[in-house]
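# Structure at a glance
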Amino acid sequence: MKKTIMIKKNYEFKNLFSKGKFFYGQFIHIYIRRINKPYNKLGIAVSGKQGKAVARNRIKRLIRENYKIFEENIKLGTSILIVINKEKDIKEISYYDIKENFKRTLKKADVWVD
């Protein structure tokens, strides 16, 4: 994650939830907000109801890895919050499912640059 700062503070998550634009996909939902900075911010939220810590951390690792691949194609100055769809069973979500869904959702959000 070269040009990305992780979102860790609770007020930053709340800010994105309340003021960010919402885009939904099959496995992930994304909140996006433009910021006037030369870097991106990334936050990942997985509910405790989704499963035990091992399963939640696995999903977060998969999302971070996909983000690393797509980082060059995301417009700078974007704050992104990724939330896992609660209706889906996270144990059955694969790397490639997240990859396709993530790319499609970023294109829908108009932050994708080819």
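Throughout what follows, the structure given in this document is the object of discussion. (Residues numbered from 1 in each chain as written. Predicted model: local features only at pLDDT ≥ 70, side-chain atom pairs only at ≥ 80, totals over all residues. Heavy atoms only, no water.)

Our next topic: the side chain of His29. Secondary-structure assignment places His29 in strand β3 (residues 28-34). If sequence neighbours within four positions are ignored, His29 has contacts with Phe22, Phe23, Tyr24, Leu81, Ile82, Val83 and Asn85. (Helix = DSSP H or I, 4+ residues; strand = E, 2+ residues; numbered from the N terminus. Contact = heavy atoms within 4.5 Å.)

It is worth spelling out the nonpolar core at this point. Ranked by internal contacts, the top residues of the largest apolar core, which has 26 residues, are Ile30, Ile32, Ile59, Ile80, Ile82, Phe102 and Leu106. Breaking this core down by element, the ones donating at least two residues are β3, β4 (40-45), α2 (53-70), β5 (78-84) and α3 (95-108). It is α2 that provides the largest number of residues to this core, a total of 6 residues. The next biggest cluster of nonpolar side chains, apart from the first, holds 6 residues, and it includes Ile7, Leu16, Tyr31 and Val83. (Core = buried A, V, L, I, M, F, W, Y, C linked by side-chain atoms within 4.5 Å. Buried < 20%, exposed > 50% of the residue type's maximum accessible area, 1.4 Å probe, protein only.)

Here we come to the sheet that holds β5. The sheet built from 5 strands is open, its strands ordered β1-β4-β5-β3-β2 with mixed pairing. Taken across any chain shown, the strands that pair with only one partner, and hence form the sheet edges, are β1 (4-6) and β2 (21-24). Direction aside, neighbouring strands of the sheet carry axes that sit 25° apart on average. Two elements, β2 and β3, share 4 bridges in a ladder whose sense is antiparallel. Among the inter-strand pairings, Phe22 is bridged to a residue of β3, identified as Tyr31. (Pairing = 2+ DSSP bridges. Axes fitted to C-alpha atoms, helices over the stretch in contact; angles between N-to-C directions.)

One pass over the full model with this rule turns up 2 salt bridges. A salt bridge links Lys41 to Glu12, with the nearest nitrogen and oxygen atoms 3.1 Å apart. Taken together, the residues Lys41 in strand β4 and Glu12 in helix α1 (residues 10-19) connect sequence positions 29 residues apart. Residue Glu65 is joined to Lys68 by a salt bridge in which the shortest nitrogen-to-oxygen separation is 4.0 Å. In this pair, Glu65 and Lys68 both sit in helix α2, 3 residues apart, roughly one turn of the helix. (Salt bridge = Lys/Arg side-chain N within 4 Å of Asp/Glu carboxyl O.)

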